[in-house]
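Fold and contact review
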Amino acid sequence: KKEEIHSKMEDTRDGFSQNQVLPEESNLKLAPSGKLEACKLYQVWPGENRFFCAGLCMTGPASDSAFNLFTWAAILAISGFYFIMACPYLWREVTIWIPIISGLLFVAVVGFLLLTQFSDPGIIPRKAVFEIEGQVPTVYSPAVTDEDATEQDPTLKRGAPYKYCPTCRIYRPARASHCSDCNNCVEVFDHHCPFVNNCVGKRNYRYFVGFLTSLACAGVSYFVGLMVLLTAKSMGDDEDRTLLGNSTFVITLIIVISIPAFCLTLCVCSLIFYHVALICKGETTKENWKNKKEKKNSMTSNLWCGRERMKFNPRTRLSTELRQQYYENL
């Protein structure tokens, strides 16, 4: 039975893109009757995304793990050392507000990073996924018109070109693009960021900007705390002695916290200024690189408005018959 299923799947490869991802052999679980077992959609997702918490959270491909690990390591290492080495003294001898503000900014950084990394960026499901959950919306069908598109999604620009994606087998609207890393079409695609292990698009762009902003503010607050710490007078017997006299302490702080944090903060600030300029222009990163402008349908209207619902449900249950139909339609 398993060989017959593989044979049918091989037949479906003809005429499709080489980037088409078909279910792995490990996902072809057979019931005692010899048929495919029922499962959830996220367990047989055709793209490179990974799902956690029974499909409630999704992120990008495993190939981004090294970059994403660097992001988490840099944030946690610098912040941890700052809170352990500097905050106790600032709390006791200077003011409690510097550690409190730094702590709140650290929570914001971690929160926005989690939201950016584990949320749907605006994936447009493949035709087979749409058919499992009902039917392909008119806006992604071959007979799409300007009236149909704007009626279903008012943010779509009239007269905008619709391109056919041979991998997803849908007609994607303007500003949508197929991400080669995640192997999905993403609506209002900005870019794929390996450092957050996800695409940045219509549904998580504001989280990404929030992450950059909170990270830059946290870096500034760390510098303020360090400068206060390094220039404050010690409370010992010699009131004129400052902490600058403790060379080991100063060198440790500068090397472990100040220099890496300063470099990272500069990089993050430059990214913030870049994205603020893009928002003012109504461009995405990809459009800016290609010198394309879609001013009417700008990221500004999508960035601060309410989040729209996902276009698919990763927890959709596929019965034996639906799973077989799903494989045949890929």
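Above this text sits the structure in question.
What you are looking at is a predicted structure, and each value in this text was computed from that prediction instead of being measured.

Parameters and conventions
Residues numbered from 1 in each chain as written. Predicted model: local features only at pLDDT ≥ 70, side-chain atom pairs only at ≥ 80, totals over all residues. Heavy atoms only, no water. Salt bridge = Lys/Arg side-chain N within 4 Å of Asp/Glu carboxyl O. Helix = DSSP H or I, 4+ residues; strand = E, 2+ residues; numbered from the N terminus. Buried < 20%, exposed > 50% of the residue type's maximum accessible area, 1.4 Å probe, protein only. Phe/Tyr/Trp six-rings, centres within 6.5 Å; stacked < 30°, edge-to-face > 60°. Contact = heavy atoms within 4.5 Å.

**Remarks on the pattern of salt bridges**
Using the criterion set out here, one finds three salt bridges in the structure. The salt bridge involving R203 is made with D120; its shortest N-O contact spans 3.6 Å. Of this pair, R203 sits in the loop between β10 (198–200) and α7 (205–231) while D120 sits in the loop between α4 (97–117) and β4 (123–124), placing them 83 residues apart in sequence. With respect to burial, R203 and D120 carry one shared label: buried. Across the salt bridge formed by R175 and E287, the nearest N and O atoms sit 2.8 Å from each other. Of this pair, R175 sits in the loop between β6 (170–172) and β7 (177–179) while E287 is found in helix α9 (residues 285–289), placing the two residues 112 residues apart along the sequence. For the pair shown, R175 and E287 are each scored as buried.

**Examining the packing of aromatic side chains**
Throughout the structure, instances matching the rule amount to eleven aromatic pairs. With 6.0 Å between their ring centres and 50 degrees between their planes, Y42 and F51 make a pair best called tilted. According to the relative accessible area criterion, F51 is buried, its value standing at 13%. Where F83 meets F106, the ring centres are 5.8 Å apart and the plane angle is 75 degrees; that geometry is what we call edge-to-face. With F83 in helix α2 (residues 65–85) and F106 in helix α4, the pair connects residues that are 23 residues apart, well separated along the chain. Classification of F83 as partly exposed rests on a relative accessible area of 24%. A network of ring pairs unites the aromatic residues Y82, F83, F106 and Y222 as a single cluster.

**Here we look at the environment of A54**
Within the element layout of this structure, A54 appears in the loop between β2 (50–52) and β3 (57–59). Counting along the chain gives 260 residues from A54 to P314, while the straight-line C-alpha distance between them is 8.8 Å. In contact with A54, not counting residues within four places along its chain, are Y42 and R315.

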